[in-house]
Amino acid sequence: MSIINDYFDRLTAHLTQLRDSQAEAMKQAVAMIGEAARNDKRVFVFGTGHSHMLAEEVHYRAGGLAITVPVLSAFTMLHEGASSSTKFERISGMVQPLLQRYDIGAGDILLVVSNSGVNAAPVEAARFGREAGAKIIALTSVSYSASAAHGRVRLFELADLVLDNEIPAGDAMMQLPNSGMKAGAVSTAVGATILHAIFTAVAAELAAEGGEVPVYRSANMPGATEINDRLIEKYKTRNPHL
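Residues numbered from 1 in each chain as written. Predicted model: local features only at pLDDT ≥ 70, side-chain atom pairs only at ≥ 80, totals over all residues. Heavy atoms only, no water.

Enquirer: Lay out the overall build of the protein chain with the relevant residues and their values.
Expert: Counting its secondary structure elements, the protein chain contains nine helices and seven strands. Taken along its principal axes, the extent of the C-alpha atoms in the protein chain is 55 × 45 × 35 Å. Burial analysis of the protein chain (242 residues in total) assigns 46% to the buried set. Look at the contacts in the protein chain between residues 6 or more apart in sequence, and 74% of them connect residues 24 or more apart. Of the accessible surface of the protein chain, which amounts to about 11,800 Å², a share of 53% is contributed by carbon and sulfur atoms. Within the protein chain, one finds 21 positive and 25 negative side-chain charges whose respective centroids are separated by 2 Å. (Helix = DSSP H or I, 4+ residues; strand = E, 2+ residues; numbered from the N terminus. Buried < 20%, exposed > 50% of the residue type's maximum accessible area, 1.4 Å probe, protein only. Contact = heavy atoms within 4.5 Å. Areas by Shrake-Rupley, 256 points an atom, 1.4 Å probe, with all protein chains shown as cover. Lys, Arg positive; Asp, Glu negative; His and termini not counted. Charge placed at Lys NZ, Arg CZ, Asp CG, Glu CD.)

Have a look at this one:
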């Protein structure tokens, strides 16, 4: 079907656009995360609803940095109640007790993922991280935030660095025929690409420097058990999801 081709074309064109427009921001993210890695600090990744998948995407992942820590709790996710998670992320005060579990501190990075960037959970997460001394990186859509804010504080306004996914309001990008509706969300694919590109660049820099590269190997590859077990042993006391 032509709409499949159209979706692929729109997505790849958007990624190509971001590769250029966000080049400087991604370079800065590599520098920030690289500094954290060299200082044996962590990168916490937080998102609610579908955005939480990006926290899982970079956690214990083949080729992924072991310094990443996902911030996960059932009430912010979808599997125990999708509609309730939407309500929870809009309630002020819900995030602080969740984040207190993770011992976020000075030198760490809190990467907050939120496409709209205006709900209570991501905004309060950014504030919590700043108060704890962490650097805040926001992965968000600045234009979506501008259209959805209605006077509210926006996530990107609280971040030390903004990675703008440049996705239009509503996320879905494909107009359906004979309908005012759209389908074909792209925020997960775009967000995962941005994060993997950044973390891969960090790993490459660490490798070039000749130091330890804290990167997991796919479990079915030679030597994976030894490499992964060593990383788990090192980080298990600082990552509750290992």
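Next comes the rest of the description.
Enquirer: How would you summarise the pairing of strand β3 (residues 109-114) if you had to cite specific residues and measurements?
Expert: Within β3, six of the six residues are buried, which leaves it mostly tucked inside the rest of the structure. Alternating residues of β3 divide into I109, L111 and V113 and L110, V112 and S114, and every residue in both groups is buried. Sheet analysis places strand β1 (residues 43-47) next to β3, joined by five bridges and oriented parallel. Paired with F46 across the two strands is V112, which belongs to β3. Here β3 runs beside strand β4 (residues 135-140); their pairing, made up of six bridges, is parallel. Across the sheet, the residue bridging to I109 is K135, located in β4. Taken together, β3, helix α6 (residues 120-132) and β4 form a β-α-β motif whose crossover is right-handed. (Pairing = 2+ DSSP bridges. Right-handed = clockwise from strand over helix to strand, strands pointing away.)

Enquirer: An account of the side chain of D171 is requested, with residue identities and associated values reported.
Expert: As for its placement among the helices and strands, D171 is situated in the loop between β5 (161-164) and β6 (174-175). Despite its burial, D171 pairs with no opposite charge; the closest candidate is R10, at 10 Å N-O. Residues within four places of D171 in sequence aside, it is in contact with N115, Y144, G184, A185, V186 and S187. (Salt bridge = Lys/Arg side-chain N within 4 Å of Asp/Glu carboxyl O.)

Enquirer: Can you break down unusual backbone geometry residue by residue, with the values?
Expert: Here D40, not a glycine, exhibits a phi torsion of approximately 60°, which is positive. By secondary structure assignment, the location of D40 is in the loop between α2 (23-38) and β1.

No statement about biological role is implied by the geometric values presented.
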